[in-house]
Amino acid sequence: MFRVAEGLTIGCIPGFLLATLAFFWANRLLPTSLPGRHLAEVHCFFAVWGLSCIAGMLWSLLHRALPGWKIQLGALAFLGVLLTPLDFLTRPGASMLHAPTVFAATDICALLLGLASLQVVRRL
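Heads up: these notes are all about the structure in this document.

The rules we used
- Per chain, residues are indexed from 1 in the order of the written sequence.
- Per-residue local features of the predicted model are confined to residues with pLDDT of at least 70, and side-chain atom pairs are confined, for both listing and counting, to 80 or more; whole-chain, interface and lining totals are unaffected and use all residues.
- Working from all heavy atoms in the structure, the side-chain values ignore hydrogens and water.
- Secondary structure is summarised from DSSP: a helix means a run of H or I of at least four residues, a strand means a run of E of at least two, and numbering begins at the N terminus for each.
- Categorising residues by exposure relies on relative accessible area from a 1.4 Å probe, with only protein chains included: less than 20% of the type maximum marks a residue as buried, more than 50% marks it as exposed, and the intermediate range marks it as partly exposed.
- Nitrogen and oxygen atoms within 3.5 Å of one another constitute a polar contact, given that in protein one can donate a hydrogen and the other can accept it, and given that sequence-neighbouring residues count only through two side-chain atoms.
- Whether two residues are in contact is decided by their heavy atoms, any of which lying within 4.5 Å being enough.
- Stacked, edge-to-face and tilted labels apply to pairs of Phe, Tyr and Trp rings (six-membered ring for Trp) whose centres lie within 6.5 Å, assigned for plane angles under 30 degrees, over 60, and everything in between, in that order.
- For this analysis, a salt bridge means a side-chain nitrogen from Lys or Arg found within 4 Å of a carboxyl oxygen belonging to Asp or Glu.

1. Some details on unusual backbone geometry
Moving on, step 1. Although it is not a glycine, His63 adopts a positive phi angle of roughly 60°.
Moving on, step 2. Tracing the backbone shows His63 in the loop between helix H2 (37-61) and helix H3 (65-81).
Moving on, step 3. A residue is classified by how much of its surface remains accessible, and His63, at 55% relative accessible area, is exposed.

In structure tokens form, the structure reads like this:
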């Protein structure tokens, strides 16, 4: 029972944040002309969260919880830190000073989350 709880913890806690960042990445990368774009973003969210939970369960069942945490948090750091450069690449002419408030707030929160995740990975 402990391995199941451990696997779900590895998959759900960083996995939910990974899925949220994957949603933001999909929002910036999917073409606006795509039919059902909003559904594709939601599917991306749930696919990443589901894969994260499955991976967490596998790492736990293989008695390799620490590498599971490191990989999940490393991916979280990668997606969080690189969301701002992606935002600048996909929205030409945008800058932090002239960006819409929602995008700027999202980018700052993602950057802070990515840096915090990177620090946790370093300490693990």
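2. Thoughts on the side chain of Arg37
Moving on, step 1. If you trace the backbone, Arg37 turns up in helix H2.
Moving on, step 2. We classify Arg37 as buried; its relative accessible area is 18%.
Moving on, step 3. Polar side-chain contacts of Arg37 include one of 2.2 Å to the backbone oxygen of Asn27.
Moving on, step 4. Contact partners of Arg37, with chain neighbours within four places excluded, come to Ala26, Asn27, Arg28, Leu30, Pro31 and Thr32.

3. Some points on the environment of Ala19
Moving on, step 1. Positionally, Ala19 belongs in helix H1 (residues 2-29).
Moving on, step 2. According to the relative accessible area criterion, Ala19 is buried, its value standing at 0%.
Moving on, step 3. Beyond its immediate stretch of four places on either side in the chain, Ala19 contacts Phe45, Val48 and Trp49.

4. Some remarks on the packing of aromatic side chains
Moving on, step 1. A complete count under the given rule lists six aromatic pairs for this structure.
Moving on, step 2. When the ring of Phe16 is compared with that of Phe45, the centres are 5.7 Å apart and the planes differ by 90°; the resulting orientation is edge-to-face. Placement of the pair is Phe16 in helix H1 and Phe45 in helix H2, with a sequence separation of 29 residues.
Moving on, step 3. Overall, the relative accessible area of 38% leaves Phe16 in the partly exposed class.
Moving on, step 4. The class of Phe45 is buried, set by a relative accessible area of 13%.
Moving on, step 5. Judged by centre distance (6.5 Å) and plane angle (25°), the rings of Phe46 and Trp49 are stacked.

5. Let's talk about the pattern of salt bridges
Moving on, step 1. Within the structure shown, the criterion is met by four salt bridges.
Moving on, step 2. With a shortest N-O distance of 3.8 Å, Asp107 and Arg28 are connected by a salt bridge. In this pair, Asp107 is assigned in helix H5 (residues 101-123) and Arg28 in helix H1, connecting sequence segments 79 residues apart.
Moving on, step 3. We classify Arg28 as buried; its relative accessible area is 10%.
Moving on, step 4. Among the charged side chains, a network of salt bridges with common partners joins Arg28, Asp87 and Asp107.

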